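# Examining the three-dimensional arrangement
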Amino acid sequence: MSQFNLGNLAKELPTIQYETGLSFEDRQETWDKASDVQYVVDDLTNSKVVHYLKLGGNTMGVPAAEAIGNALRCHPEFKKAMWPNMFTRRLIDEIPAALKHLSNGLMFAKAQITVLDLSDNALGPNGMVGLEDLLKSPVCYSLQELHLNNCGLGAGGGKMLSKAIIEGHENSLRAGTPMQMKVFVAGRNRLENEGAAALAQMFGTLKTLEQISLPQNSIYYVGFDALAKGFRENTNLHVLNVNDNNIGRKGAGYLAELFAFIPKIREINFGDCLVKTDGAYLFADALADDHKNLEVLDLSFNEINGEGGICLANAMLNKPNLKTFNLDGNVLGSDGLKTIIECMKAAINPNAFVEVEENESENENDSQNNDGEEGSDDIYDSNEEEEEEEEEDDDDDDEDNTDESSNASAYVTSVSAFQTPLSGEENVFFQTPASLNTPTKPKPINQNQLSATASISADNDKSPDIQLNAVEEFCFELKPPSLEMFLKAIATPDMNFFNFCESFKELSEKDYVDILYYTTLKVANLSRQSVEALKWAVRLFKICFKHATETGKENILVVFFANKIGLIEHDCGIKTEYKNDACRHALKEAVKETNNEKIIMHFSSLSL
């Protein structure tokens with residue numbers, strides 16, 4: 001039996017480090033002269049160990065700062081400078097001079113600080129002049145947290161900050177003690193795109209950040225393009241807060257790509273950033289499979305509709321640590337919100353979904369936007385070249401499909417793009433509006449085979465009252481079916497979309513193609529709301545491709561689907577209720593998996 005040794009156990013226990021320091025915060029005192037801070041100086045002089053000094057909530061002039069800076073010279077053990085909100089009512093030239101005195105005291109002491117908090121001080125670019133030397137010096141080689149919230153840095157101050165930190169990091173590498181900054185906070189600084197781009201270079205240099213907070217900085221998609229590249233270098237990133245900027249759809253694309261590089265992310269706050277529904281789709285796709293450490297996802301007040309919300313909810317189902325999922329203030333609509341709540345009941349932590357207090361329908365939001373309120377992806381761009389680029393991309397990307405009509409102005413080509421003319425049977429999809437309706441409920445032909453299947457007719461005769469199962473209800477629904485109908489259909493025993501469509505081959509080629517193509521569209525219409533719907537849509541599209549290849553009617557297939565989802569315009573004026581974005585998403589995935597070069601070529605030419 002081994003002998004217990006208390007001495008050895010004690011050696012293995014971690015050393016507990018206690019911090020001692022001085023606090024004079026929130027006294028609301030005015031420190032103009034050195035004599036005003038004599039009691040602070042005395043406490044610093046008489047204390048053998050001072051790890052932190054809290055001075056916030058007072059207002060400090062240059063002579064007072066010089067006196068405190070001199071007192072800090074005898075404290076090389078100093079670690080935390082907690083100095084927020086201490087220059088109220090001070091002149092613009094007082095702040096940099098005061099900061100220089102405080103910095104000189106730390107540099108003389110050869111302190112190695114871990115925390116520097118100067119939040120809520122009106123620094124601006126002028127104030128940064130007083131900080132540059134400190135940030136480049138060995139005092140900050142050990143800096144782990146930098147808090148500069150609400151300092152009015154502007155783009156100029158952001159550039160100065162970035163340059164100083166990058167130079168300090170380079171100096172620390174040469175000294176063999178590389179800077180290991182973990183937390184960076186700089187909200188409410190009016191950084192804009194230019195300042196954000198400068199900080200992005202800093203982030204890319206540091207590579208050790210775990211928390212980045214940049215809310216309310218008037219950053220737009222151009223800035224987020226740069227920031228995403230800087231963020232991705234920090235693979236241990238746990239918290240990312242860019243609340244109340246203008247990410248937009250383009251910015252959402254940049255940030256969605258970022259998620260693959262930050263697998264340890266725990267908190268994402270993109271609230272009030274106008275990511276809209278397209279952004280929600282991108283984030284849902286990017287977060288669906290991995291990121292099991294995610295605890296907080298805040299996408300409140302982003303003009304996300306019900307479908308986007310449902311996609312996000314599905315992406316959250318497999319997150320075991322999820323504590324907060326916030327979609328408040330969006331345009332989910334009552335039905336969308338209901339579906340999201342039902343969906344979240346299947347989540348590991350269903351209580352993570354934050355109660356929605358503000359919820360409009362998408363139509364109400366569109367009406368407000370039409371009256372001139374904020375809500376456009378193109379609200380702002382101070383640079384004319386950026387504005388032109390935005391307009392060009394809007395034309396290319398067809399990003400606003402809120403009405404989802406295939407007759408919209410976003411068509412990029414016409415049916416004449418195909419060399420083979422449509423005639424005879426091949427023109428079946430474009431003859432009359434009646435022939436373009438969703439197939440009507442059939443008359444039963446073989447009760448042993450199906451509960452109800454029959455010829456698809458465009459006449460107005462009423463079908464007999466037939467008891468349909470969930471698959472048949474889905475396929476014969478006149479309007480695009482709901483997600484609930486789809487879920488019931490795929491749970492139906494002894495029947496699925498494949499064998500249901502196959503049964504129509506006994507009737508006629510036209511009936512088979514009608515039911516197959518329209519069923520595919522209906523399932524594809526739900527592909528943004530459900531992973532299962534996407535899988536089924538891809539399978540059905542591939543069956544459509546296979547049939548078109550076997551019958552030599554690839555052109556007909558391409559024209560039909562391209563017209564239905566708004567890739568081409570035909571002069572018959574077809575309008576559908578199918579959602580362009582969702583259908584294109586499923587079609588694009590199916591095209592990736594086909595070997596038919598003709599189909600690939602045609603859809604590629606249509607900018608799918």
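Here's a quick rundown of the structure. It should be emphasised that the depicted structure is a prediction, and the values quoted were computed from it without experimental measurement. (Residues numbered from 1 in each chain as written. Predicted model: local features only at pLDDT ≥ 70, side-chain atom pairs only at ≥ 80, totals over all residues. Heavy atoms only, no water.)

### What to know about the overall build of the chain
Looking only at helices and strands, the chain has 23 helices and 13 strands in total. Per-residue burial for the chain yields a buried fraction of 51% across its 608 residues. Taking contacts inside the chain between residues at least 6 apart in sequence as the whole, the part at least 24 apart equals 81%. Carbon and sulfur atoms form 46% of the exposed surface of the chain, whose accessible area is close to 28,000 Å². (Helix = DSSP H or I, 4+ residues; strand = E, 2+ residues; numbered from the N terminus. Buried < 20%, exposed > 50% of the residue type's maximum accessible area, 1.4 Å probe, protein only. Contact = heavy atoms within 4.5 Å. Areas by Shrake-Rupley, 256 points an atom, 1.4 Å probe, with all protein chains shown as cover.)

### Some details on the side chain of His169
Within the element layout of this structure, His169 appears in helix H7 (residues 154–174). Those residues in contact with His169 that lie beyond four places of it in its chain are Met179, Thr205 and Leu206.

### Some details on the sheet that holds strand S11 (residues 267–269)
Pairing within the open sheet is parallel, and its 11 strands lie in the order S1-S3-S5-S6-S7-S8-S9-S10-S11-S12-S13. What marks the edges here is a single partner per strand, and that holds for strand S1 (21–23) and strand S13 (324–326). Here the strands of the sheet are splayed against their neighbours by 5° on average, with no regard to which way each runs. Examined bridge by bridge, strand S9 (residues 211–213) and strand S10 (residues 239–241) share 3 bridges and lie parallel to one another. Paired with Gln211 across the strands is Val239, a residue of S10. (Pairing = 2+ DSSP bridges. Axes fitted to C-alpha atoms, helices over the stretch in contact; angles between N-to-C directions.)

### So, the pattern of salt bridges
Following the criterion strictly, the structure yields 21 salt bridges and no others. For Glu19, the salt bridge goes to Lys80, with nearest N and O atoms at 3.2 Å. Residue Glu19 is located in the loop between helix H1 (6–12) and S1, and its partner Lys80 is located in strand S5 (residues 80–82); the two are separated by 61 residues in the primary sequence. For Glu19, a relative accessible area of 42% puts it in the partly exposed group. (Salt bridge = Lys/Arg side-chain N within 4 Å of Asp/Glu carboxyl O.)

### Topic: the side chain of Thr208
Mapped onto the elements of the fold, Thr208 is located in the loop between helix H8 (192–206) and S9. Given a relative accessible area of 18%, Thr208 falls into the buried group. Each residue touching Thr208, except ones within four places of it in the same chain, is listed here: Met179, Gln180, Met181, Lys182 and Asn234.

### Observations concerning the environment of Lys292
Along the chain, Lys292 falls in the loop between helix H11 (276–287) and strand S12 (296–298). For Lys292, a relative accessible area of 38% corresponds to the partly exposed category. Sequence separation of Lys292 and Arg266 is 26 residues, and the distance between their C-alpha atoms is 8.6 Å. Other than its neighbours up to four places away in sequence, Lys292 contacts Asn318, Lys319, Pro320 and Asn321.

### Brief notes about the packing of aromatic side chains
Applying the stated criterion to the full structure yields 19 aromatic pairs. Seen from their ring centres, Phe325 and Phe353 are 5.5 Å apart, and the 50° between their planes marks the pair as tilted. Of this pair, Phe325 sits in strand S13 while Phe353 is found in the loop between helix H13 (333–344) and helix H14 (362–370), placing the two residues 28 residues apart along the sequence. An identical accessibility class is assigned to Phe325 and Phe353; each is buried. Between the aromatic rings of Phe476 and Phe500, the centroid separation amounts to 5.5 Å while the plane-to-plane angle is 75°, which identifies the pairing as edge-to-face. Pair noted here: Phe476 is in helix H16 (residues 470–476) and Phe500 is in helix H18 (residues 497–502), with a separation of 24 residues, a long-range link. Following the ring pairs from residue to residue traces out a cluster consisting of Tyr517, Tyr518, Phe541, Phe545, Phe560 and Phe561. For the cation-ring pair, Lys250 lies above Tyr221, with the distance from its terminal atom to the ring centre recorded as 4.5 Å. Here the basic side chain of Arg539 rests over the ring of Trp536, its NZ or CZ set 5.0 Å away from the ring centre. (Phe/Tyr/Trp six-rings, centres within 6.5 Å; stacked < 30°, edge-to-face > 60°. Lys NZ or Arg CZ within 6 Å of the ring centre and 35° of its normal.)

### Digging into the packing of H11 against helix H12 (residues 306–316)
At a minimum axis separation of 8 Å, H11 and H12 run at an interaxial angle of 15°. It follows that H11 is roughly parallel to H12 by the angle criterion. Viewed along their axes, H11 and H12 form a crossing whose handedness is left-handed. Along its contact with H11, which presents Thr277, Ala280, Tyr281, Phe283, Ala284 and Leu287, the element H12 presents Glu307, Gly308, Cys311, Leu312, Ala315 and Met316. For the contact of H11 with H12, the per-class residue count stands at 9 nonpolar, 2 polar and 1 charged. (Parallel < 35°, antiparallel > 145°, perpendicular 65-115°, else oblique. Left-handed = near helix turned anticlockwise from the far one by under 90°. Nonpolar A, V, L, I, M, F, W, Y, C, P; charged D, E, K, R; others polar.)

### Topic: the environment of Leu327
Summarising the element assignment, Leu327 is placed in the loop between S13 and H13. Spatially, the C-alpha atoms of Leu327 and Leu299 are 5.4 Å apart, while their sequence positions differ by 28 residues. Not counting residues up to four positions away in its chain, the partners in contact with Leu327 are Leu299, Ser300, Gly309, Leu312, Leu332, Ile340, Phe353 and Val356.

### Quick look at the environment of Ile310
Take Ile310: it is sitting in helix H12. In this structure Ile310 comes out as buried when scored by relative accessible area, which is 4%. Apart from the residues within four sequence positions on either side, Ile310 is in contact with Gly336, Thr339, Ile340, Leu483 and Gln529.

### As for helix H23 (residues 597–605)
Within H23 the residues assigned to the buried category are Ile599, His602 and Phe603. Burial along H23 is one-sided: seen end-on, the buried residues are contained in an arc of 90°. For H23, the exposed residues lying more than 90 degrees away from the buried face are Glu597, Ser604 and Ser605. The inward-facing, buried residues of H23 contact helix H20 (531–551), helix H21 (554–564) and helix H22 (580–593). Where H23 begins, the side chain of Asn596 points an oxygen toward the backbone nitrogen of Lys598, at a separation of 2.9 Å. (Arc of directions from axis to C-beta. Polar contact = N/O pair within 3.5 Å; in protein donor to acceptor, adjacent residues only side chain to side chain.)

### Structural notes on unusual backbone geometry
Peptide bonds are trans in most cases, and residues, glycine excluded, mostly fall at negative phi. Despite not being glycine, Asp26 shows a phi value in the positive range, around 60°. Counting through the fold element by element, Asp26 comes out in the loop between S1 and strand S2 (30–31). Phi at Arg190 takes a positive value of approximately 50°, unusual for a residue other than glycine. As for its position among the elements, Arg190 is in the loop between strand S8 (183–185) and H8.

### Considerations on the state of the cysteines
Tallying each qualifying case throughout the model produces 0 disulfides. Of all cysteine sulfurs, the one in Cys475 lies closest to Cys501, which takes part in no disulfide; the gap is 5.4 Å. On the basis of relative accessibility, which here comes to 2%, the residue Cys501 falls in the buried class. (Disulfide = S-S within 2.5 Å.)

### Things to note about helix H10 (residues 248–258)
For the α-helix, the turn length of 3.6 residues means that residues three or four positions removed from each other point alike. Here H10 lies mainly inside the structure; 9 of its 11 residues are buried. Those residues of H10 lying buried are Gly248, Arg249, Lys250, Gly251, Ala252, Gly253, Leu255, Ala256 and Leu258.

### Remarks on the nonpolar core
Membership of the largest hydrophobic core comes to 158 residues, with the highest contact counts inside it found for Trp83, Phe184, Leu214 and Phe603. Element by element, the count of residues in this core is highest for H20, at 10 residues. (Core = buried A, V, L, I, M, F, W, Y, C linked by side-chain atoms within 4.5 Å.)

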